Amino acid sequence: MVDAFDVLLDSGNTVVVAEHDIPVAASADWVIDLGPGAGPDGGAVVAEGTPDAVATANTPTAGFFRRYAAGLPLLEGPRLAGTGR
């Protein structure tokens, strides 16, 4: 998916993506983090900027960016193989 975005960007296009996958979001030029929660508890801009700038914020997304940059697992504890849970 990121390769397809790069082709579009290299062609002079603007790409806007709503994405929860941290590696994909970390490859972005600019991130807008919405929150502070989900659903009716969200919708406000809680951080924005480059992925490195957002990683310095005090938000759950920032914590995921920091863990990803450090090469740590994004989630702690056992996960069910192939389920994303």
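All values reported here derive from a predicted model rather than from experimental measurement. (Residues numbered from 1 in each chain as written. Predicted model: local features only at pLDDT ≥ 70, side-chain atom pairs only at ≥ 80, totals over all residues. Heavy atoms only, no water.)

Undergrad: Before we go on, may I ask you to explain the overall build of the chain in this structure?
TA: Of the regular secondary structure elements, the chain holds four helices and two strands. Within the chain, the proportion of its 85 residues that are buried is 20%. Expressed as a percentage of contacts within the chain between residues at least 6 apart in sequence, the contacts between residues at least 24 apart total 20%. For the chain, the computed accessible surface area is about 6,200 Å², with 57% contributed by carbon and sulfur atoms. (Helix = DSSP H or I, 4+ residues; strand = E, 2+ residues; numbered from the N terminus. Buried < 20%, exposed > 50% of the residue type's maximum accessible area, 1.4 Å probe, protein only. Contact = heavy atoms within 4.5 Å. Areas by Shrake-Rupley, 256 points an atom, 1.4 Å probe, with all protein chains shown as cover.)

Undergrad: Before we go on, may I ask you to explain the layout of surface pockets in this structure?
TA: Sizing a probe to match a water molecule and rolling it over the atoms shows the empty space that remains. Taken as a whole, the largest pocket holds about 1,200 Å³ of empty space. Every residue lining the largest pocket is counted, 37 residues in all, and those nearest its centre are Val-17, Glu-19, Ala-25, Val-31 and Ile-32. The set of elements that each furnish at least two residues to the lining of the largest pocket consists of α1 (2-10), α2 (22-26), β1 (31-35) and α4 (60-69). The greatest single-element share of the lining of the largest pocket, amounting to five residues, is contributed by β1. When its residues are assigned to classes, the lining of the largest pocket shows 22 nonpolar, nine polar and six charged. (1 Å grid on protein atoms, 1.4 Å probe; cavity = no way out; pocket = protein on both sides within 12 Å on 5 of 7 lines; lining within 4 Å. Points joined across faces, edges and corners; volume = space filled by probe spheres on them. Nonpolar A, V, L, I, M, F, W, Y, C, P; charged D, E, K, R; others polar.)

Undergrad: Please explain unusual backbone geometry as it appears in this structure.
TA: Peptide bonds are trans in most cases, and residues, glycine excluded, mostly fall at negative phi. Following Gly-35, the chain continues to Pro-36 via a peptide bond in cis, the omega torsion being 10°. As for its position among the elements, Pro-36 is in the loop between β1 and β2 (44-49).

Undergrad: I keep staring at the pairing of β1 and nothing clicks. Help me out?
TA: Both faces of the sheet carry side chains from a regular strand, because those side chains alternate between them. The alternating pattern of β1 places Val-31, Asp-33 and Gly-35 on a buried face, while none of Ile-32 and Leu-34, on the opposite face, is buried. Pairing analysis gives five bridges linking β1 to β2, with the strands arranged antiparallel. Its bridge partner lying in β2, Ile-32 is registered against Glu-48. (Pairing = 2+ DSSP bridges.)

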